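Residue-level structure breakdown
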Amino acid sequence: MIFQPAHKILREIRERNLSPVEVVQATLEWAQKLEGKLRSFLVLDPEGALAKALMLEEKLKKGEEVGPLAGIPVAVKDNICTRRMTTTCGSRILENFLPPYDATVVEKLERAGAIIIGKTNCDEFAMGSSTENSAFFKTANPWDIERVPGGSSGGSATSVASYQVFLALGSDTGGSVRQPASFCGIFGMKPTYGRVSRYGLVAFASSLDQIGTFARNVPDLALLTEVISGHDPRDSTSLPEPVPSYSKELDSPAGTLRIGVPRDLLQEGLTPEVKEAFEDALKIFERAGFAIEEISLPHASYGIPTYYLIAPAEASANLARYDGIRFGLRAKGEENLISLYKKTRGEGFGAEVKRRIMLGTFALSLGYRDAFYVKAQKVRTLISQDFQKAFRKVGLIALPTSPTLPFKLGEKVQDPLSMYMSDLYTIPISLAGLPAISIPIALKNGLPVGMQIVGPALSESLIFKASYLFERESGLSNLKPPIVEELSA
Amino acid sequence: MKITLEIVKHIAHLARLEFSEEELKQFYQQMVELLDHFARISELDTENVPPTSGILPLYNVMREDNPGPTLPREEALKNAPEEGSGFFKIPTILEAED
């Protein structure tokens, strides 16, 4: 049962062939069985999940209305606030933090009847590409437990890929949903900046942060995305446009059928395995009726320096709130306020977070601001304009998600620049605020490869449709990693 | 543009971060390497290019000023490392800063 797509389970629950309690019990049993090997979760809440399932069952018995995700077990990244579970952001500085409120997306999930079974591991404050920067433990990739699941939403990606949950939420600032989706062989959507409320998402880089979604097939992903999208009066940067029903629109014609490929970006750093998989995927798109056209994004190759100046600058301001006064860790024995701040932050933050606060403070400091921060903001404009020009020619753009296959645990953690380079293809899209999905396109050496489909602002529906056509043409969905096959045998 | 260990120490002070000497040297090395790579953006001509600070076509979002419930005091204090008489407690601040 737990290996079925969520949209089938939903039908079974509504037709009363399955009960939410059965679904939750089976999911929890499986999740706990895999947890020893994979470690996706910072917190699991079996009692809370079962209590919700029982409540839903009562409602169903009485014939009351239940939401569009009624009875579906889901996971939430641990940088999204939940009242009934700690929210640590993978950091010592928030180790015991129990938020006094739920994020808007959490309220929306609960109203939709989804059952949150736990909070997932991530790179500290979502800063990283491997989940190795979590202060607590590392999460394994279910396709090879010696490899990283990607990051920063690695726990969410692993939990969905290994069938511990049907769906999960993550957050994507420079690729933190798309890259782990690619590494784990599942689908991951980063909606348009502002499409999903950030109220209750712990801030990292506010002009880039966006909550995103994970699933093992497009219909499930479309459904989850439509449930969490929409305007929120508590987030003034959320967009007022109404949310289409992405899941219902999946079967309507895709309309525009031209996909642009920025060939100038497919040179340096792209490994042969990923390149081959990408080219083969383009052929599948052609078979599905799309025309492939060459485009150019001349400034996209400046994405990494641009992003790694802007995002740390914003982070250095956002993370100033962790001062040991109102919540979180406080260093012991300090009698002077400034030294209390310094010691608390020195003890509470890990190396990558400190590195980014330092970079950001530097980029904003007197004498360097114009040459680094303001310059990066101008390059951001150029990168955005490249995309606008490209979308006058084509409806969608295709790019690899990661230039490499999932790498080994420990392989890049000592070398920040090589870790940053793994965001080569996801970052330009984030800087432009555009929606993009990562879809599985191949297995190479037993490891998944992903591809991004990018569209203009608010083109989520078109992106889902194109991805669904690909999913049906390729048959690459609901994949089962070897560890899942073994343990379910 | 040469960044020195002294500048890095000053940045650490501005960022309110404590480092050991050894950590600081390692960060200094990494920052030199990273900023060297990032300086690549200086080769682009950005004259007459406006900076992007936010990507949305939204400006000055306004709402009605309707009073609503706020976080109760005890809820706000629940996560405080130290509190007393309904306040957050902090060390002495009436001292000259270095």
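Generally speaking, soluble globular proteins have nonpolar side chains that are buried together. Of all hydrophobic cores here, the largest spans 167 residues; its most connected members are Ile72(A), Val74(A), Leu167(A), Phe187(A), Phe214(A) and Leu396(A). Ignoring anything within four residues of it in the chain, the contact list for Ile72(A) reads Ala6(A), Ile9(A), Leu10(A), Ala114(A), Ile115(A), Phe166(A) and Leu167(A).

Okay, the confidence of the model for chain B next. Here chain B shows a mean pLDDT of 90. Residues at 70 or above account for 95%. The ipTM value of the predicted complex is 0.93, and its pTM value is 0.97.

Attention now goes to the packing of helix H10 (residues 303-318) of chain A against helix H12 (residues 351-364) of chain A. Residues and elements named next belong to chain A. Two elements in contact, H10 and H12, have axes whose closest approach is 7 Å; the angle formed by their N-to-C orientations is 100°. With respect to their mutual orientation, H10 and H12 come out roughly perpendicular. Contacts between H10 and H12 pair Tyr-308, Leu-309, Pro-312, Ala-313, Ala-315 and Ser-316 from the former with Arg-356, Ile-357, Leu-359, Gly-360, Thr-361, Ala-363 and Leu-364 from the latter. By residue class, the composition of the contact of H10 with H12 is 9 nonpolar, 3 polar and 1 charged.

Pairs of packed helices are described in terms of their axes, by the angle between the two and the distance that separates them. Residue and element names in this part refer to chain B. Helix H2 (residues 21-38) packs onto helix H1 (residues 5-14) with a crossing angle of 110° between their chain directions and a minimal axis gap of 10 Å. By the angle class used here, H1 and H2 are roughly perpendicular. Only Leu-24, Phe-27, Tyr-28 and Met-31 of H2 make contact with H1, whose side of the interface consists of Leu-5, Val-8, Lys-9 and Ala-12. For the contact of H1 with H2, the residue count by class is 7 nonpolar, no polar and 1 charged.

Within H1(B), the full set of buried residues consists of Val8(B), Ile11(B) and Ala12(B). The arc that holds every buried residue of H1(B), seen down its axis, measures 100°, which confines them to one face. Those residues of H1(B) hidden inside the fold are in contact with H12 of chain A together with H2 of chain B. At the C-terminal side of H1(B), Arg16(B) shows a positive phi close to 55°.

All right, on to the interface of chain A and chain B then. Taken residue by residue, the interface counts 54 residues in chain A and 46 residues in chain B. The element contributing the most residues to the side of chain A that touches chain B is helix H13 (residues 370-390) of chain A, with 11 residues. Residue composition of the side of chain A that touches chain B, by class: 27 nonpolar, 15 polar and 12 charged.

Turning our attention to helix H3 (residues 46-61) of chain A. Residues and elements named next belong to chain A. Between its first and last C-alpha atoms H3 spans 22 Å; for 16 residues at 1.5 Å apiece the expected length is 22 Å, and the two agree. Taken as a whole, H3 has its buried residues at Ala-49, Lys-52, Ala-53, Leu-56 and Glu-57. Mapping the buried residues of H3 onto a view down its axis gives an arc of 145°, with all of them on the same face. Along H3, the residues that are exposed and aim more than 90 degrees away from the buried face are Glu-47, Glu-58 and Lys-61. The inward-facing, buried residues of H3 contact helix H2 (20-38), strand S2 (73-77) and strand S3 (115-120).

Definitions and cut-offs
Residues numbered from 1 in each chain as written. Chains lettered and ligands numbered in written order. Predicted model: local features only at pLDDT ≥ 70, side-chain atom pairs only at ≥ 80, totals over all residues. Core = buried A, V, L, I, M, F, W, Y, C linked by C-beta atoms within 7 Å. Buried ≥ 20, exposed ≤ 12 C-beta atoms within 10 Å, placed from the backbone. Contact = placed C-beta atoms within 7 Å. pLDDT = per-residue confidence, 0-100. Axes fitted to C-alpha atoms, helices over the stretch in contact; angles between N-to-C directions. Helix = DSSP H or I, 4+ residues; strand = E, 2+ residues; numbered from the N terminus. Parallel < 35°, antiparallel > 145°, perpendicular 65-115°, else oblique. Nonpolar A, V, L, I, M, F, W, Y, C, P; charged D, E, K, R; others polar. Arc of directions from axis to C-beta. Expected span 1.5 Å × (residues − 1).

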